[in-house]
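# Commentary on secondary and tertiary structure
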Amino acid sequence: MCPRGQQQSLLHSAYMERLFNKRILLGVTGSIAAYKAAEVVRRLRDAGADVRVVMTRGATEFVTPMTFQALSGHPVNQELLDTEAEAGMGHIELARWADTILVAPASADFLARLAQGRADDLLSAICLASDVPLAMAPAMNGQMWQNAATQQNVRTLVARGVLMLGPDAGEQACGETGVGRLQAPEILLAGLAELFQSGVLSGKTVMVTAGPTREAIDAVRYLSNHSSGKMGFSVAQAAVEAGARVILVSGPVAMTPPDHLQCLSVVSAQEMIDTVLTHIHGVDIFIATAAVADYRPVKAATGKTKKKAERIQLELEPTPDILAEIKARFPRLFCVGFAAETEALDEYAQDKLLRKGVEMIAANWVGPAATETGGAFGSDSNALRLFWKDGSAELPVASKQKLARQLILQIAQLEEMWSQRSLDDDKVVTLPDSGRRPGR
Ligand code: PMT
């Protein structure tokens, strides 16, 4: 058995990692426990989370917004109809921004209003406008918690998928002893961190390609594109969070790879395909997020080409199509491609689905056509349209991290049905060796 201190530090390091880089919207409502939310903000920041605080009017009776502003490093949002805030980060932006919403403390009144679907203050409007997981940390007098009305509201919220963290039992501010205390900050954070560990890919191995490739022209010049690796790294991170073993094959980017995965760095399309092939054995899902250069110079000069002629011609040849080749060699591997388009997004994406024979295409606008979706190349946000053989889905504008998590959920669902179908087919037909999954 682990000694208590050791158990706590294991819990601590697990949630610290999962909350790193996450965008947490903390709602503070009118309860005597509001002052304890300051410690929650501090610990979230220690874990590397980005925190925005929204206070109800009741909460400001107990603690000043200045406390939360100082601790979170951002102005505290309070009013639903605040012209300045709406021009900057209004309620819809905040709802979109968050990876998750934690209300701590959540008063009896707030739980009732949320259960009714009210939207007449900023915090309840954000909760209603958001599609991210909601977590409530109730804190109130024990009798209020036990009241049938509160219990009914809690049941309603839980049935809608809201996570209840607490309340805890013990001595209360009113002098009574019972259930109604705000959970201790480390328990709240551990519960919140669970939301980022879906486990939908546990037992699976996922390979993700990311970033651009560089195709040498000479010793100092190359052909490439604007991919930053953000989308691919987010997909890899989301797969780790979903419990998969992850191999990330990345072109040259300026990003630090996420923890808990194997990152292999490459430069050219040829190196990328060689590396993919070397490590593909045992992979269950292949996700090609990389912006692989389609062409490369037929011959790269060994030295620096001198500027002599008025014009020079560069002869190019196609690079290997990594996604198409992997799918052709391993038809039983679940493959997901991306499509980056400046026009006719749906048509080109569906064409790639058929031509490359993959199970799913995640399509995004790039270039001038992408102004509304964040630009895709190099930006922090994006939007995706997913296409598969007999379906499609729309993932609206969100941070690349959030989109990646939604994409991974969709991939996990589809892959499960697809492997089940393949198993059923196996019972009827024996496939030749080349048709098997790599390494299986
Ligand atoms: O890295 P970011 O700055 O975050 O930008 C993200 C992104 C825009 C690069 C990403 O979301 C994206 O769209 N990646 C795919 C870009 C691309 O090359 O698309 P494509 O339509 O040209 O290629 C179709 C698919 O074939 C892609 O899955 C690609 O990885 C794959 N491909 C393409 C060419 C090639 N030689 N080999 C390949 O495997």
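In what follows, the structure referred to is the one given above.
From a predicted model like this one, the values you see are computed outputs, not experimental measurements.

What counts, and at which threshold
In this convention, every chain numbers its residues from 1, walking through the sequence in written order. Residue-level local features of this predicted model are given only where pLDDT is at least 70; pairs of side-chain atoms are given and counted only at 80 or more, and the full residue set underlies all totals for whole chains, interfaces and linings. Values shown for side chains rest on all heavy atoms present in the structure; no hydrogens or waters enter the calculation. Put simply, DSSP marks the helices as runs of H or I at least four residues long and the strands as runs of E at least two long, and each gets a number from the N terminus on. Note on contacts: a residue pair is in contact if any heavy atoms of the two residues lie within 4.5 Å. Note on terminology: near, applied to a residue and a molecule or strand, indicates that one of the residue's heavy atoms is within 4 Å of it. Within 3.5 Å is the distance limit for a polar contact, defined as a pair of N or O atoms, with the added protein rule that one can donate a hydrogen and the other accept it, and that residues adjacent in sequence qualify only through two side-chain atoms. Residue exposure ignores everything except the shown protein chains as possible cover, and the areas themselves are Shrake-Rupley values with a 1.4 Å probe. Cavities and pockets are found on a 1 Å grid laid over the protein atoms alone: a cavity is a set of points where a 1.4 Å probe fits but cannot escape, a pocket is an open set with protein on both sides within 12 Å along at least five of seven lines, and a lining residue has an atom within 4 Å of such a point. A molecule is counted as occupying a cavity or pocket when more than half of its atoms fall within 2 Å of that pocket's grid points. Only a pair of cysteine sulfur atoms within 2.5 Å qualifies as a disulfide here. By convention, a stacked pair of Phe, Tyr or Trp rings (six-membered ring in the case of Trp) has centres within 6.5 Å and planes under 30 degrees apart, an edge-to-face pair has planes over 60 apart, and any other such pair is tilted. To sit over a ring, a charge needs its Lys NZ or Arg CZ within 6 Å of the ring centre and within 35 degrees of the ring normal. Every axis corresponds to a line fitted to the C-alpha atoms, with the helix fit spanning only the stretch in contact, and the corresponding angles, defined between N-to-C directions, vary from 0 to 180 degrees. Oblique is the label for any angle not under 35 degrees, not over 145, and not in the 65 to 115 range, which are roughly parallel, roughly antiparallel and roughly perpendicular in turn. Left-handed describes a crossing whose near helix is turned anticlockwise from the far helix through less than a right angle; right-handed describes the clockwise counterpart. Between buried and exposed lies partly exposed: a residue is buried under 20% and exposed over 50% of the maximum accessible area for its type, with that area taken using a 1.4 Å probe on protein chains only. Here, any two strands with at least 2 DSSP bridges between them count as paired.

Turning our attention to the environment of Ala-115. Mapped onto the elements of the fold, Ala-115 is located in helix α7 (residues 108-116). When the C-alpha atoms of Ala-115 and Leu-26 are compared, they prove to be 18 Å apart, with 89 residues separating the residues in sequence. Setting aside anything within four residues of it in sequence, one finds Ala-115 in contact with Asn-153, Thr-156, Leu-157 and Arg-160.

Okay, the site of the ligand next. Around the ligand lies a shell of 29 residues, among which Ser-228, Ala-290, Lys-352, Asn-364 and Gly-378 are the nearest. Pro-320 has a polar backbone atom sitting 3.0 Å from a nitrogen atom of the ligand. Taking Gly-378, its main chain carries an N or O atom lying 2.6 Å from an oxygen atom of the ligand. Considered on its own, the ligand offers 770 Å² of accessible surface; in the complex 95% of this is hidden by protein. Here the ligand occupies the largest pocket.

What follows is about the state of the cysteines. Applying the stated criterion across every chain, the model contains zero disulfides. With no disulfide of its own, Cys-263 lies 20 Å from the sulfur of Cys-335, the closest cysteine sulfur.

Turning our attention to the packing of aromatic side chains. Scanning all chains against the criterion turns up one aromatic pair. One residue, Lys-22, lies across the ring of Phe-196, its end atom 5.1 Å from the ring centre. In this arrangement the basic side chain of Arg-52 is found over the ring face of Trp-97, its NZ or CZ atom lying 5.1 Å from the centre.

We now examine the packing of α7 against helix α8 (residues 122-129). In the contact formed by α7 and α8, the axes pass within 10 Å of each other and the chain directions differ by 40°. Considering the angle they form, α7 stands oblique to α8. By crossing handedness, the relation of α7 to α8 is classed as right-handed. In this structure, α7 uses Phe-110, Arg-113 and Leu-114 to contact α8, whose residues at the interface are Leu-123, Ser-124 and Cys-127.

A few words now on α7. Counted residue by residue, α7 has seven buried out of nine residues, so it is predominantly covered. Each element contacted by the buried residues of α7 is listed here: β3 (100-106), α8, β4 (134-138), α9 (142-146), α10 (148-159) and β5 (163-164).

The strands making up a sheet associate through backbone hydrogen bonding, with each pair oriented either parallel or antiparallel. What the five strands build is an open sheet, ordered β2-β1-β3-β4-β5; its pairing is parallel. Pairing within the sheet leaves two strands with one partner each, and these edge strands are β2 (50-55) and β5. Where strand β1 (residues 23-28) lies against β2, six bridges are found, and the strand directions are parallel. Looking at the pairing, Leu-26 lines up with Val-53 of β2. Sitting on the sheet, α8 touches β1, β2, β3 and β4, and the angle it makes with β1 is about 140°.

Our next topic: the sheet that holds strand β8 (residues 205-210). Pairing in this open sheet of eight strands is mixed, and the strands run β12-β11-β8-β13-β16-β17-β18-β19 from one edge to the other. Taken across any chain shown, the strands that pair with only one partner, and hence form the sheet edges, are β12 (262-265) and β19 (391-399). Across the sheet, the mean angle separating the axes of adjacent strands is 15° when strand polarity is ignored. Running at roughly 160° to strand β16 (residues 334-341), helix α14 (residues 322-329) makes contact with β13 (285-288) and β16 of the sheet. Packed onto the sheet, helix α15 (residues 345-355) meets β16, β17 (360-365) and β18 (381-388) and runs at close to 150° relative to β17.

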